[in-house]
Every structure is written in C-alpha cells, then in structure tokens.
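An overview of the molecular structure
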Amino acid sequence: MQKPSVKPNSPYFSSGPCAKRPGWSLDALKDATVARSHRAKGGKAKLAAVIERSKALLEMPSDYRLGIVPASDTGAIEIALWSLLGERGVDVFAWESFGSAWAADCKKQLKLKDVRLFDADYGKMPDLSQADWNRDAVFTWNGTTSGVKVPNGDWISADRTGLAICDATSAVFAMPMPWDKLDVVTWSWQKVMGGEAAHGMIALSPRAVKRLESYTPAWPLPKIFQMTKGGKLAVGIFEGETINTPSMLCVEDALDGLKWGEQIGGLKALVGRSEANLKAIEDWSAQAGWIGFLAEKTETRSNTSVCLKITDPWYAGLSAEEQEKGAKKIASLLETEGVAFDIGAYRDAPAGLRIWAGATVETSDLKALFPWLDWAWNEVKTSATKAA
Ligand SMILES: Cc1ncc(COP(=O)(O)O)c(C=O)c1O
C-alpha cells in the first residue's frame, strides 16, 4: 500500500489538551491582562466574561451558578464531592478510568459509609436505571478513556431529592446537556473549546446551592475547596472572584474559544461539528474492515473522545502484549509522519486508538487522516506477518 500524499492541515487529535480552534494563533492572547492583579477591574471583568459567555453559549438556566475554581476539572469535581457528599447515600456509576477515580474518592478518601457502585468494563455502560434518586449520584457524562457517553438524561428523575453530580469535561459544548436533570456539572477549558489547561468550571443548580448552605461535611475542607462563607454561598466565586490566582493568559484563551463558538453559530454549531466528525469516523471505519468502536452500543458512542479497537482476526489472535505493541506502532508511525499526534489509547484502557473529534477538529482533517490510518495499519500487519 502506498503512503498517502495528502496530510491533514492540522495533526492535532489529542483528547486533552485538544486541538485549538481553527485559525488560532498566539495573537489571540494579545489582550490578556498579564502582570496585573486578577482582582483589578480589567482582570475581574475577563473572569466574569468567561462565566457569562459560558452560561450563554451552553444555554444554562439563569438560576444556575457558574464558578471558576482551582485545578481544572479534577479540582472542580473534587470540590463538589468533598463539599456535598455525606448528607445521604450515594450511587456512583463508573465505566472507565475517571469514573473509577471518583468512585475511589468516595470510598477510600471520603470513606463514605453508604456507597453503591455500579461499574462496567471499557466499552460498556452500567445499568443507569439502577439509580435511586433519593440518593446522590456521581457519574461522568463522557467516559473519555473508553469513548462511552451517557446517551441522554431520561434516566435521571425530575423529582429527585438527591443531587446529580456530573463530571462533563469532554461533553459540554459538544453534547446537549439536560441542565434541569443535573445539579453539579464540571469541566475544564482544554477540551471541546481547545483552551489552555488551568482553572476548572463548576455549575451548581439551586438545589446544589441549597445543599451547600444547609449541610456541613464531617471532614475538614482545604481553602481551595471552600464554596461557602459563614454558611452562605461565597457568591464572589460565581462572579469572577476566584479563590486563588488564575493564569490570565489561560483566561484570555478561554474567552477566545467562547467568542469563536459564538461566531460559528453557538451550541448547535459546536455540537453539529462534533457529531459530523463522529459520522465521518463511523463511515470510514465501516468500510475500513479492520477497526471498530470500543463502545458496544451505537447510542453510547462518544462524539468527542472516539475510542477504536482493532477488529481484524489476525490481530485478535495476538497476545495482549503484541496487540498493545501493534496499536502503539500505528500511533507512533503517524506521529513520526506528522499526521496525527497522541492518538494511542489511554494508558489504562484496552489497546487501540483514540481520536479526538470535538468541535475544534475539522472534518476535512479527519478525512485526510483516514488513508493514513489504513496505511499505518497495513504497515504494522505486513511487517509483523513477514517477520513471523
Ligand atoms: C472525564 C474526565 N474527567 C476528568 C479529567 C481530568 O481533567 P483535568 O486534567 O482537567 O483535571 C479528564 C481528563 O481527560 C476527563 O476526561
């Protein structure tokens, strides 16, 4: 098989940090309020703009609070777990590495007594209908490392008394979020909008705020986890007064991404771009004959972190070690060719490829990548079968 001649214009298919928006350059950061206090008028206005523009772009209900908190998405979800859990039992749903980490936090760090864990292997989804909505629930919306996403919010009770706490970092801006079904939603800047990694975002429903103001956890909370003051919500956090110092370069970049999202047509356009990318991968993989989706059910296929497994019968007969070596070889060949960066499966996930298909990725770049994937696969298989 001949090496393809046309390369993608952008070889960035990493699942985080993800591709910058089309046309991005460092120039986008030239108005950053560097070397100034983030609490000065200009800096605070930028932080408030990230909050307001995110709320508008995501079509979030006006009575939800959105704040900027330390430590990216991990910081945001852990603030939620540490601040809200323990008031009642919790159901945790986990089907890949990040969900499992939040389950471990509940059990081993917070040492919660009443935890029910519903877990499933890579590619599968636990039975979401098991949730008891008189309890709290913790789950990721999109399992970034398995490419399995929650298909919709139908399983979440509108009459719940518990809180729905959702790590949605590789979902927001690419998948419609049923806000009325979610009480805590967290994400980072470096995923679908292609921003720089820094602070995280946390959205709280009125019911989550009520819990914060009526319940004090039994454990101590470090300063960077404190969302209340004197038993009341620290409203400043939700108006741009961050708990600690943010990078104003990253804030500027987050704003740049949001402005791009607005310009191209808002949420519908962002979701549409990502869904078109998934469709292109589906069409290619269906005719490629050697690769398929790790997600077992079509409706759970992620349209951002698309995880693929090699289905070729020869490959299926290899040892786990050889399979991993083969998949890694495809990724490294394409990296060496400058065609695709960081498309190997996540370190804890089954061997395979993971291609980011969020809104900042151009479908034309994916289409240019497909012949290269076929070529790299052919290289790996022919060199291994020749050697044997
Ligand atoms: C579902 C999910 N949760 C949490 C994280 C960790 O995010 P961060 O590095 O922003 O803390 C990631 C990162 O890829 C993720 O995909």
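Relevant structure appears above.
Residues numbered from 1 in each chain as written. Predicted model: local features only at pLDDT ≥ 70, side-chain atom pairs only at ≥ 80, totals over all residues. Heavy atoms only, no water.

Look at helix 8 (residues 320-336) against helix 9 (residues 363-387): their axes get within 9 Å of each other, and the N-to-C directions meet at 130°. Accordingly, the angle class assigned to the pair helix 8 and helix 9 is oblique. At the point where helix 8 passes helix 9, the crossing takes the right-handed sense. Side by side, helix 8 and helix 9 meet where Gly326, Lys329, Ile330, Leu333 and Leu334 of the first sit next to Leu369, Trp372, Leu373, Trp375, Ala376, Trp377, Glu379 and Val380 of the second. Considering only residue class, the contact of helix 8 with helix 9 consists of 10 nonpolar, 1 polar and 2 charged. (Axes fitted to C-alpha atoms, helices over the stretch in contact; angles between N-to-C directions. Helix = DSSP H or I, 4+ residues; strand = E, 2+ residues; numbered from the N terminus. Parallel < 35°, antiparallel > 145°, perpendicular 65-115°, else oblique. Left-handed = near helix turned anticlockwise from the far one by under 90°. Contact = heavy atoms within 4.5 Å. Nonpolar A, V, L, I, M, F, W, Y, C, P; charged D, E, K, R; others polar.)

In this section: the pattern of salt bridges. Two side chains with opposite charge may pair up if their charged atoms get near one another. By the definition in use, this model includes 21 salt bridges. Across the pair Asp253 and Lys20 runs a salt bridge whose closest N-O atoms are separated by 2.6 Å. Separated by 233 residues along the polypeptide, Asp253 in helix 5 (residues 248-263) and Lys20 in the segment before helix 1 (41-57) bring together distant segments of the chain. Judged by its relative accessible area of 2%, Asp253 falls in the buried class. For Lys20, a relative accessible area of 21% translates into the label partly exposed. For Arg53, the salt bridge identified is with Glu262, shortest N-O distance 2.9 Å. (Salt bridge = Lys/Arg side-chain N within 4 Å of Asp/Glu carboxyl O. Buried < 20%, exposed > 50% of the residue type's maximum accessible area, 1.4 Å probe, protein only.)

With that settled, the discussion passes to the nonpolar core. If you look at the biggest cluster of nonpolar residues, it comprises 89 residues, and the most contacted ones within it are Phe139, Trp187, Leu334 and Leu373. Among the elements that line this core, the one with the most residues is helix 9, at 9 residues. In this structure, Ile79, Ala103, Leu112 and Leu233 belong to the second largest nonpolar core, which totals 35 residues. (Core = buried A, V, L, I, M, F, W, Y, C linked by side-chain atoms within 4.5 Å.)

The subject of this paragraph is the site of the ligand. Lining the immediate environment of the ligand, one finds Ser72, Asp73, Thr74, Phe98, Trp102, Asn142, Thr144, Asp167, Thr169, Ser188, Gln190 and Lys191. Between an oxygen atom of the ligand and a main-chain N or O atom of Asp73, the distance comes to 3.1 Å. Here Gln190 contributes a side-chain N or O atom positioned 3.1 Å from an oxygen atom of the ligand. Protein contacts shield 85% of the accessible area of the ligand, which totals 390 Å² for the unbound molecule. Of all the secondary structure elements, the ones that give two or more residues to the shell around the ligand are helix 2 (72-84) and helix 3 (97-109). (Near = heavy atom within 4 Å. Polar contact = N/O pair within 3.5 Å; in protein donor to acceptor, adjacent residues only side chain to side chain. Areas by Shrake-Rupley, 256 points an atom, 1.4 Å probe, with all protein chains shown as cover.)

A word on the packing of helix 5 against helix 6 (residues 266-288). In contact at an axis separation of 7 Å, helix 5 and helix 6 are set at 95° when each is read in the N-to-C sense. Compared by their axis directions, helix 5 and helix 6 come out roughly perpendicular. Contacts between helix 5 and helix 6 involve Trp260, Gly261 and Glu262 from the former and Gly266, Leu270 and Arg273 from the latter. Here the residues of the contact of helix 5 with helix 6 sort into 2 nonpolar, 2 polar and 2 charged.

What follows deals with helix 9. When the terminal C-alpha atoms of helix 9 are compared, their 36 Å separation across 25 residues agrees well with the 36 Å that a helix rising 1.5 Å per residue should span. Buried within helix 9 are the following residues: Asp365, Leu366, Ala368, Leu369, Phe370, Trp372, Leu373, Asp374, Trp375, Ala376, Trp377 and Val380. Lining the buried residues of helix 9 we find helix 6, strand 13 (305-310), helix 7 (313-316), helix 8 and strand 14 (353-356). (Expected span 1.5 Å × (residues − 1).)

Let's shift gears to the pairing of strand 13. Burial within strand 13 is extensive, with 5 of its 6 residues counted as buried. Two strands pair when backbone bridges link them, and strand 12 (residues 291-293) and strand 13 are joined in this way by 3 bridges, in the antiparallel orientation. Paired with Ile291 across the two strands is Ile310, which belongs to strand 13. Alignment of strand 13 against strand 14, held across 4 bridges, turns out to be antiparallel. Of the residues in strand 14, the one forming a bridge with Val306 is Ile355. (Pairing = 2+ DSSP bridges.)

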